[in-house]
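For reference, the chains in residue letters:
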Amino acid sequence: MNGSSKIGYNPLKTSQVVKSGNNLNQIRPGHILSGKVLEIFPNQRAAILLGGKQFVAQLQTSLNLHNNYLFQVQSIGEFLKLKVVVEQPLSDSNQIEQMLKKLGIPINKELLSIVTELIKQGEPFDGDQVKQVADLLDRFGSNNSTKEVIATLLKRNLPLTALTFQSVEAGQMNELTEQLMNLNKYIDTKPQPSKLDLLLQERIATLTTSKELSIGNYISNAISNQEMNTNTFALFSKSGIISPDLTQEEWTKAWSNWNSEERVFANNIPRELPLKLQQSDLVEKLAEISFRQLPVSQNKKAMFRQLVDRINSNEDTKHLLTNLKQNLISLGILDKISSVLSKQEAFIFNKWLYSEQTNLQVSKQVLSLIHKVGIEQLPPEQEKIVLDILGRTIDKMDHLLAPKQQFQVLLKQFIQYSGINHEATLANDQLNSMDELDQSLKSLLIQSAVEEQGSNERINRLLHTLTGIQINSFQEEGNMLQANLQLPGSKLNLNDDMRVEIESYKDEKTDMINPDFCRIYFFLDLTNLGETVIDMSIQKRVVNVTVVNQHQELAMLLPKLKPLLKEGLAKINYQLSQVQFKDGQLSRQNRVQSNNKQRSEGVDYRI
């Protein structure tokens, strides 16, 4: 989608901005692109408008002023050295056909259409790319869908290979949940599934369903691994789930006894957990500590923990806070702390953060809050345990988790176990030391594809889909950024995959998405309300929300939800301007029709 037009910012002048992909750094020798002759200078030089930006070029041919020509870049230096591909001015498709003949490429209607569009948009390309496009058209057909995928590859300068084509195409199909379920059913039909098959099923279940009654089994199995047992014990002690007086030896013994006893179920209710633990209390405590985790890297969390560990209570409070504030700003953490605080805590923190002067009492409260948040940050091993346990209960005990917490758990779990960061893990040489139960879906799929010699179409298709999600996850066009998330929605009781798209100009300081000026789209298929788009526009931290749906009754419900949304946004220093309803027929490609199952409750009215 075109971010600049949808976001509604003042459009930048063409003379000041190079269109997507058309700056000098992206033009290389061999590139072909259209240009207009603006001015002619002595010594065979001319001012040429290429891709919306003016260059002084060295030419070898006499040209007519104000005409458009097809140029090929010969070299890049103080001046662009250009060669005219077709001597006649660019006026119709005849010149483009002549160019293709010079390149030795067979001409057909579809290829001519794609090349013409590239030239019209000022996109640079070379002869090899045109030949690769022709091969893709020949292999995958010349329908509109194929041409749209090819256009995406060219626009984003992705390899024009069959593998990349299939991955980008699969990533746009919105079929992740369906493919996961199909592969799971296929493995069920095997008379003797392999160990790898069972690991795949376990990973699919992690991403799509919650395994009922599995928390006790998960913890009792953890004690067989010394490192995991130590981390689980430390986590439960830290979060107050178990008594601080309990030793690890007592903890291990209690779970060993529980694990060895006969597990009797009465009326389908599991036997009580040891140490007087209640499953609901356990989930609630872990959800609370999960919600308190800052949305920053593990390295920054570790540095934050070190900072708060060095806090000296004997030091002057205001002086201590001033130094701490500077350190937290440099870490990029300060503005994120309020997002994990309660309403009352956030009020105190923001009062200190945005006020030039605060009294000693407020300063002490803020210092205590920062210290509390700091010591609550979990190391990666313990955060993984929290994620595993919550992920197993998210749709069985959703009354204990707010929708925001459910989404956070789902997102973290998808990032950790889907394998969309598989290549980064591979580059860091972490796969060799990884327990087989911790391997990602993509890692297991690659192993399975090798084992079956690439003959299993379900596995191949799912691999393409995951790679496509990776490719589509982040795009950068000039000064614009776009992030895309796609993850299974079944744990949130959605009918289909959930998609989130974020568009923003780059933040001038960080070159990242600007949280003060951006636009966020949620594409949902709700159980009761069907296909729904939530369009959230943010300008100067003022939020406007538009809900697009075909059910008119939703318009009457939105005003009742507005105070809740306003309160939640105010907590993180955003101001809600309006919430409006728009009746509309959604037109997303390849959508899956919602089923007829009706529920009186669910995620619909809490999104």
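Note that the structure is a prediction, hence the values are computed from the model and not measured.

*Asks:* In this structure, what is going on with the overall build of the protein? I would like to understand it.
*Replies:* Across its full length, the protein carries 22 helices and 12 strands. Relative to its full complement of 607 residues, the protein shows a buried share of 46%. Pairs at least 24 apart in sequence give 60% of the contacts found in the protein among residues at least 6 apart. For the protein, the exposed surface amounts to about 31900 Å²; the carbon and sulfur share of it is 49%.

*Asks:* Just to check I follow, could you spell out the environment of S167 for this structure?
*Replies:* Within the fold, S167 resides in helix α6 (residues 162-171). S167 gets classed as buried once you look at its relative accessible area, which sits at 1%. Along the sequence, S167 and T467 sit 300 residues apart, while their C-alpha atoms lie 5.5 Å from each other. The contact partners of S167, leaving out residues within four places of it in the chain, are H464, T467, G468 and I471.

*Asks:* Sorry if this is basic, but what is going on with the sheet that holds strand β3 (residues 53-58) here?
*Replies:* Hydrogen bonding along the main chain pairs the strands of a sheet, whether they run parallel or antiparallel. Strand order in this closed barrel of five strands is β1-β2-β3-β5-β4, and the pairing throughout is mixed. Direction aside, the axes of adjacent strands within the sheet are offset by 60 degrees on average. Bridge analysis of strand β2 (residues 45-50) against β3 gives six bridges, and the strand direction is antiparallel. For L50, the partnering residue across the bridge sits in β3 and is K53.

*Asks:* Help me understand the nonpolar core, please; the structure alone is not making it clear to me.
*Replies:* L441, L445 and V543 are the most contacted members of the largest nonpolar core, which has 44 residues in total. Sequence-distant contacts of L445, defined by excluding residues within four places in its chain, comprise L183, L200, I459, L462, L463 and L466.

*Asks:* Help me understand helix α9 (residues 215-222), please; the structure alone is not making it clear to me.
*Replies:* Given 3.6 residues per turn, any residue in an α-helix points the same way as the ones three and four places further on. Buried residues dominate α9, accounting for six of its eight residues. Turning to α9, its buried residues are I215, G216, Y218, I219, S220 and A222. For α9, the secondary structure elements touched by its buried residues are α10 (226-238), α11 (248-260), α12 (279-291) and α17 (380-391).

*Asks:* Looking at this structure, how should I read the sheet that holds strand β9 (residues 513-526)?
*Replies:* Pairing is mixed across the open sheet formed by seven strands, whose spatial order is β6-β7-β8-β9-β10-β11-β12. Bordering the open sheet on either side are β6 (474-477) and β12 (575-583), each of which pairs with just one other strand. When the angles between neighbouring strand axes are averaged without regard to direction, this sheet yields 15 degrees. One ladder, built from eight bridges, connects strand β11 (residues 542-549) with β12; its direction is parallel. By the bridge assignment for β12, N549 is matched with D583. Contacts from helix α18 (residues 403-418) reach β7 (480-487) and β8 (498-506), with the element oriented near 95 degrees to β7.

*Asks:* Would you explain the pattern of salt bridges in this entry?
*Replies:* Pairing between side chains of opposite charge can happen when the charged atoms of each approach one another. For the coordinates displayed, the defined rule picks out 13 salt bridges. The salt bridge partner of K336 is D335, with a shortest N-O separation of 3.8 Å. Exposure remark for K336: the relative accessible area of 27% places this residue in the partly exposed category. The partner of K384 in a salt bridge is D388, with the nearest N and O atoms 2.8 Å apart. Of this pair, K384 and D388 both sit in helix α17, separated by four residues, roughly a single helical turn. For D388, a relative accessible area of 7% corresponds to the buried category. Three or more residues are tied together by salt bridges with common partners; here these are R292, E345, K372 and E376.

About the criteria used
Residues numbered from 1 in each chain as written. Predicted model: local features only at pLDDT ≥ 70, side-chain atom pairs only at ≥ 80, totals over all residues. Heavy atoms only, no water. Helix = DSSP H or I, 4+ residues; strand = E, 2+ residues; numbered from the N terminus. Buried < 20%, exposed > 50% of the residue type's maximum accessible area, 1.4 Å probe, protein only. Contact = heavy atoms within 4.5 Å. Areas by Shrake-Rupley, 256 points an atom, 1.4 Å probe, with all protein chains shown as cover. Pairing = 2+ DSSP bridges. Axes fitted to C-alpha atoms, helices over the stretch in contact; angles between N-to-C directions. Core = buried A, V, L, I, M, F, W, Y, C linked by side-chain atoms within 4.5 Å. Salt bridge = Lys/Arg side-chain N within 4 Å of Asp/Glu carboxyl O.

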